[in-house]
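Breakdown of the fold
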Amino acid sequence: MSTSSKSEPLWPSQRGLPRYQSLLDLDIAEVLSEGGTWIDVGPGVEALPMLPFVGRPGVKLQCIGRHSRDFPTAIEFREGTVPEDLEFLATFEGTATLVTDVYSSVSYGDDPYLALAYCVLLLKEGGICGAFTEL
């Protein structure tokens, strides 16, 4: 017998932009209105939240996740884990306008505080980190 609510979608089946914005209480289009780099930790199977930004001038889309993914070429993906992938951190440290982690490393990593710190280190000055977890 399922205990899920009909008003609350089962995660991760709904990973679209509206769901991300609702969980993070962010207007991602506004955050990226002047361009910038968005790094998503654990982008799901299709990186759905990022799709509306493919081809948007001045916006770079970057993801890191545990499992190999095949995204549009405008969404750069690296297979790796946060906070263990130090090469990814060295490459992108201080570059991101926005870093998001929704039910990913902050939720499932061995040390959620270290995962969150990793995400924050990816931010450029004035950048925004949004993380959401059920824990």
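Here's what I pulled together on the structure shown here. Given the structure is predicted, the values throughout are model-derived calculations rather than measurements.

This part is about the overall build of the chain. Along its length, the chain carries five helices and five strands. Sequence-ordered secondary structure for the chain, helices as α and strands as β, is α-α-β-β-β-α-β-α-α-β. Of all intrachain contacts in the chain linking residues separated by at least 6 positions in sequence, the fraction that spans at least 24 positions is 59%. As displayed, the chain has an accessible area near 7,500 Å², and 52% of this comes from carbon and sulfur atoms.

Inspection of every chain in the model, using the stated rule, returns zero disulfides. The thiol of Cys 119 is not disulfide-bonded; the next cysteine sulfur, from Cys 129, is found 4.9 Å away.

Turning our attention to the pairing of strand 1 (residues 36-41). Among the six residues of strand 1, six are classified as buried, and the element is accordingly described as predominantly covered. Burial along strand 1 is two-sided: the face carrying Gly 36, Trp 38 and Asp 40 and the face carrying Thr 37, Ile 39 and Val 41 are both buried. Here four bridges tie strand 1 to strand 4 (residues 96-102), and the two strands are oriented parallel to one another. Residue pairing in the sheet places Ile 39 in a bridge with Val 99 of strand 4.

The subject of this paragraph is the packing of aromatic side chains. Scanning the entire structure with this criterion turns up four aromatic pairs. Ring centres 4.7 Å apart and planes at 40° place the aromatic pair Phe 88 and Phe 92 in the tilted group. Residue Phe 88 and its partner Phe 92 are both found in helix 3 (residues 86-92); the two are separated by four residues, about one turn of the helix.

Okay, the pattern of salt bridges next. Taken as a whole and assessed by the stated rule, the structure comprises two salt bridges. The partner of Arg 78 in a salt bridge is Asp 85, and the shortest N-O contact between them spans 3.0 Å. Relative accessible area serves as the criterion here: at 23%, Arg 78 is assigned to the partly exposed category. Classification of Asp 85 by relative accessible area gives buried; the value is 12%. A salt bridge links Arg 78 to Glu 87, with the shortest nitrogen-to-oxygen separation between them at 3.4 Å.

Turning next to helix 1 (residues 17-24). Along helix 1, the residues classified as buried are Leu 17, Arg 19, Tyr 20, Leu 23 and Leu 24. Seen along its axis, helix 1 keeps its buried residues to an arc of 165°; they face one direction. Of the residues in helix 1, the exposed ones pointing more than 90 degrees away from the buried face are Pro 18 and Ser 22. Of the surrounding secondary structure, the elements contacted by the buried residues of helix 1 are helix 2 (28-31), strand 1, strand 4 and strand 5 (123-132). Taken from the residues just after helix 1, Asp 25 is the one with a positive phi, measuring 55°.

So, how was this worked out
Residues numbered from 1 in each chain as written. Predicted model: local features only at pLDDT ≥ 70, side-chain atom pairs only at ≥ 80, totals over all residues. Heavy atoms only, no water. Helix = DSSP H or I, 4+ residues; strand = E, 2+ residues; numbered from the N terminus. Contact = heavy atoms within 4.5 Å. Areas by Shrake-Rupley, 256 points an atom, 1.4 Å probe, with all protein chains shown as cover. Disulfide = S-S within 2.5 Å. Buried < 20%, exposed > 50% of the residue type's maximum accessible area, 1.4 Å probe, protein only. Pairing = 2+ DSSP bridges. Phe/Tyr/Trp six-rings, centres within 6.5 Å; stacked < 30°, edge-to-face > 60°. Salt bridge = Lys/Arg side-chain N within 4 Å of Asp/Glu carboxyl O. Arc of directions from axis to C-beta.

All we've got here are geometric facts, nothing functional implied.
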